[in-house]
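Observations on chain architecture
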Amino acid sequence: MENLEQMLVSSWCDVQSTVPNSYVHPPENRPGKFIVASSRAIPVVDLGGHDQANSTVQQILKACEEYGFFQVINHGVSEDLMEESMNVFKEFHGMPSMEKVRECSKDPNRSCKLYTSGENYTKDSLHYWKDALTHHCHPLDKYMKYWPEKPTRYREIVGKYTIEVGKLGLQILKMLCEGLGISTEYFNGSLSENPVLLVNHYPPCPDPSLTLGVGKHRDPSLITILLQDEDGLQVFKDGEWISIQPITNAFVVNVGLVLQIISNGRLLGAEHRVVTNSSIARTTAAYFIYPSNESFIEPSKELIINGSNQPLYKSISFGDFRGNFFYKGPKVELDLQK
Ligand code: OGA
Ligand code: NI
């Protein structure tokens, strides 16, 4: 690999007053091409309600059917832990490039790694305005030893954080099972066994109208749980981009393509992107719930038998899905269809 230290956006953006050519996106993909619907918002679901469990399930189900996105409040994850985690994520990305590279190079199998733009910087001719730290989270005793040791609190705080967010993720998946009418155990075990944390960092950009932090995509997960404290994330719905405004102490939850397949198209793996801004660095943490590579993903048999519908997608191992299909971009659904 070329010199990662020098490729990181955060290592050169301070001394660069214009956007380098390889970060300038074609006009049709630039922010501003589509209307940003400032008056629209994704649903907010309160998980702390007492005796209305059933209506909470219905709210989550409806949000996942209509938007593929919602925010959760009163979700049970400690607010102090959320704040401490965000601080430690920001501190990590604020360290000198050399230290970031060193702290993410402990595992030869690269279960913890630092990268910039997309994961394929050297192959891509067009780049995204972001740096990222990513690592596996489960089981902790297998992976934590490869996580950064600087900031010194990283392992302790992020270890707790991934446990708490993981529990929340399983709770949401269980509620979706109830809503869909499939076994509430469906996602326990191998289907949710392989969570990964992605700590994104989008430095300020001299001209946000030309660049993207992340291009339009669907996540290859069951669900993704995002911590954010600045705006920049947008979801594509009905031909418009809707901005997802941060709510203090809330998480943004979205449906990934794997859950779209398992729900036989009923839940929407929604398309989203990240735009940049010229004034402040934005840091986010996405917790992706992934199956193990060996598990098969396919429309739930309960949905097919209980309903009168036909399966819309073929059965495929998660490993093949990630390797062969995900990187095909928007065409992916056609390839998966029966
Ligand atoms: C992602 C993603 C959103 C954000 O990492 O897949 O969509 O706001 N991130 O960082
Ligand atoms: Ni995403």
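Residues numbered from 1 in each chain as written. Chains lettered and ligands numbered in written order. Predicted model: local features only at pLDDT ≥ 70, side-chain atom pairs only at ≥ 80, totals over all residues. Heavy atoms only, no water.

Looking at the overall build of the chain
For the chain, the count of helices and strands is 11 helices and 14 strands. For a compact globule of 338 residues, the expected C-alpha radius of gyration is about 20 Å, and the chain comes in at 19 Å, within 12% of that figure. Its C-alpha atoms give the chain principal-axis dimensions of about 60 × 45 × 40 Å. The buried share among the 338 residues of the chain stands at 53%. Excluding contacts between residues fewer than 6 apart, the proportion of contacts in the chain whose partners are at least 24 apart in sequence is 78%. In the form shown here, the chain has an accessible surface area of approximately 15,200 Å², with 49% of it arising from carbon and sulfur atoms. Across the chain, the mean location of the 32 positive side-chain charges is 5 Å away from that of the 40 negative side-chain charges. (Helix = DSSP H or I, 4+ residues; strand = E, 2+ residues; numbered from the N terminus. Rg over C-alpha atoms; globule rule 2.2 N^0.38 Å. Buried < 20%, exposed > 50% of the residue type's maximum accessible area, 1.4 Å probe, protein only. Contact = heavy atoms within 4.5 Å. Areas by Shrake-Rupley, 256 points an atom, 1.4 Å probe, with all protein chains shown as cover. Lys, Arg positive; Asp, Glu negative; His and termini not counted. Charge placed at Lys NZ, Arg CZ, Asp CG, Glu CD.)

With respect to the coordination of the nickel ion (ligand 2)
Looking at the nickel ion (ligand 2), one finds its protein donor set to be H217 (NE2), D219 (OD) and H272 (NE2), positioned 2.1 Å from the metal centre. Along the chain, the residues that donate to the nickel ion (ligand 2) are spaced as H-x1-D-x52-H. Classification of D219 as buried rests on a relative accessible area of 4%. (Donors = N, O, S within 2.8 Å, 3.2 Å for Na, K, Ca; no water.)

So, the UniProt feature "domain: Fe2OG dioxygenase" (unreviewed entry) in the chain
Here the UniProt feature "domain: Fe2OG dioxygenase" (unreviewed entry) sits at residues 192-291. Secondary structure across residues 192-291 divides into 6% helix and 41% strand, with the first and last C-alpha atoms of the span separated by 5 Å. (UniProt positions renumbered as here; feature names shortened; annotations may be inferred.)

Observations concerning the sheet that holds strand β5 (residues 196-202)
Taken together, 8 strands build an open sheet; the order of strands is β1-β2-β10-β7-β12-β5-β4-β3 and the sheet is mixed. Of all strands in the sheet, those with a lone pairing partner are β1 (44-46) and β3 (112-116), marking the two edges. Looking at each pair of strands side by side, their axes are set apart by 25° on average, direction ignored. Inspection of the sheet shows β1 paired to strand β2 (residues 69-73) by 3 bridges, in the parallel sense. Bridge pairing in β2 places V45 opposite V72. The strands touched by helix α4 (residues 79-94) are β3, β4 (131-136), β5, β7 (223-228), β10 (251-255) and β12 (282-288); relative to β12, the strand with the most contacts, the crossing angle is about 115°. (Pairing = 2+ DSSP bridges. Axes fitted to C-alpha atoms, helices over the stretch in contact; angles between N-to-C directions.)

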